[in-house]
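What follows is each chain in one-letter form.
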Amino acid sequence: MKKFLAATAAVIVLAGCGNAAPAPMDHGMDHGMDHGAMASGDGLSASSGGIRLALKQKTIGSTSFAFQILGAGGKPVTGFDVDQTKRMHFYLIRSDLTGFQHVHPEMAADGTWSAAFAPPLPGSYRVYASFSTKNKPFVLSDTVSVAGQAKTEPLPPAATTTTVDGYTLTVDRGETLSITVSKNGKPVTDLQPYLQTYAHLTAFRAGDLAFAHLHPQGMAASGNGGPKLSFDASLPKAGDWRLYVQFQTAGKLHTAAVTLQVS
């Protein structure tokens, strides 16, 4: 794969978003915090700035997965900002970069969040809590496991295309990087808003599972979008990154994955 990003603080720009200008904001949505704000760091610590992710368990079973966000004096934080229509984004990824899940937990009055995952395969995982409190964004994470005999999968090589549910996502590498969505050889223009955008991207680095949330340029309106998707983000380290692209059509959420090599 061509070297399209600098070795440090590499920046991905996915140009275009169906129109020359960013899509207008839908004022009917609760936008909450500044959508461009991103947490610093690689998301590999359970604590940052006096805020800590406290897991209620270190294994994932068939029941809901519970955790709290603790602040000063170890007291649960209960005030969270809205980011992309949600107050908490919670991610699960296996050590081989498979088994990706992105869910939105519910919080009880005592500050305990409950996340419901689809049953994951056995293995070692990392969970990430992405949220904002008092307009300060955080990404905190910790390791968990799923009991059983684990069978790891090799990381797919870097590629310029990937497919999911009959859709083809094409990566165009140059001074900027764009992703175009097509189906049966035709451009897709019926992308529906999902979490205020026409696509949601999350990246994990092979080896240490460093986290990067690729924020979109602008927000989705209430109409349809496509075929090009636009994002700004920094991938903080060189290496192989597995990108998970989530987009919605006809009320169905699709999740595609592609490997990008950052050097």
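Fair warning: this is a prediction, and the values are worked out from it, not measured in the lab.

Caption draft 1: How the structure looks around the pattern of salt bridges. The final tally for this structure, using the stated rule, is five salt bridges. With a closest N to O distance of 3.2 Å, K237 and D42 form a salt bridge. Of the two residues, K237 sits in the loop between β18 (231–235) and β19 (239–249) while D42 sits in the loop between β1 (10–14) and β2 (47–48), which places them 195 residues apart along the sequence. For D142, the salt bridge is made with K58, and the minimal N-O distance between the two is 3.1 Å. Linking D142 in strand β10 (residues 136–146) with K58 in the loop between β3 (51–55) and β4 (65–70), this pair joins segments that are 84 residues apart in sequence. We classify K58 as partly exposed; its relative accessible area is 42%. A cluster of three or more residues bridged by salt bridges with shared partners is formed by D42, R205, D208 and K237.

Caption draft 2: Expanded view of the packing of aromatic side chains. Counted under the stated rule, the structure contains 17 aromatic pairs. For the pair F67 and F90, a centre-to-centre distance of 4.2 Å together with 5 degrees between the ring planes defines the contact as stacked. Of the two residues, F67 is situated in strand β4 and F90 in strand β5 (residues 89–94); the sequence distance between them amounts to 23 residues. Judged by relative accessible area, which is 0%, F90 ranks as buried. Judged by centre distance (5.5 Å) and plane angle (20 degrees), the ring pair of F131 and F138 falls under stacked. Residue class for F131 comes out buried when judged on its relative accessible area of 4%. Grouped by ring-pair contacts, the aromatic residues F65, F67, F80, F90, W113, F117, F131 and F138 constitute a single cluster.

Caption draft 3: Expanded view of the sheet that holds strand β8 (residues 112–115). Here five strands make up an open sheet; going across it, the order is β2-β3-β4-β8-β7 and the pairing antiparallel. Only two strands of the sheet have a single neighbouring strand rather than two, namely β2 and β7 (106–107). As paired strands, β2 and β3 are joined by two bridges and run antiparallel to one another. From the neighbouring strand, S47 faces β3, where its bridge partner is R52.

Caption draft 4: Fine view of the environment of A39. Along the polypeptide, A39 turns up in the loop between β1 and β2. Looking at A39, the relative accessible area reads 23%, which means it is partly exposed. For the pair A39 and F131, spaced 92 residues apart in sequence, the C-alpha separation works out to 8.8 Å. A39 has contacts with P137, F138 and V139, leaving out every residue within four places of it along the chain.

Caption draft 5: A look at the side chain of Q84. Position of Q84 relative to the elements: it lies in the loop between β4 and β5. Among the residues examined, Q84 registers a relative accessible area of 0% and is labelled buried. At 3.2 Å, the side chain of Q84 and the backbone oxygen of L195 are in polar contact.

Caption draft 6: The pairing of β4, seen in detail. Of all six residues in β4, six are buried; the element is thus mostly enclosed. Of the two faces of β4, the one lined by F65, F67 and I69 and the one lined by A66, Q68 and L70 are each fully buried. Where β3 and β4 come together, four bridges link them in antiparallel fashion. Bridged to A54 within β4 is Q68. Taken together, the four bridges between β4 and β8 define a ladder with antiparallel strand orientation. Bridging across to β8, F67 finds its partner in W113.

Rules used in this analysis
- Residues numbered from 1 in each chain as written.
- Predicted model: local features only at pLDDT ≥ 70, side-chain atom pairs only at ≥ 80, totals over all residues.
- Heavy atoms only, no water.
- Salt bridge = Lys/Arg side-chain N within 4 Å of Asp/Glu carboxyl O.
- Helix = DSSP H or I, 4+ residues; strand = E, 2+ residues; numbered from the N terminus.
- Buried < 20%, exposed > 50% of the residue type's maximum accessible area, 1.4 Å probe, protein only.
- Phe/Tyr/Trp six-rings, centres within 6.5 Å; stacked < 30°, edge-to-face > 60°.
- Pairing = 2+ DSSP bridges.
- Contact = heavy atoms within 4.5 Å.
- Polar contact = N/O pair within 3.5 Å; in protein donor to acceptor, adjacent residues only side chain to side chain.

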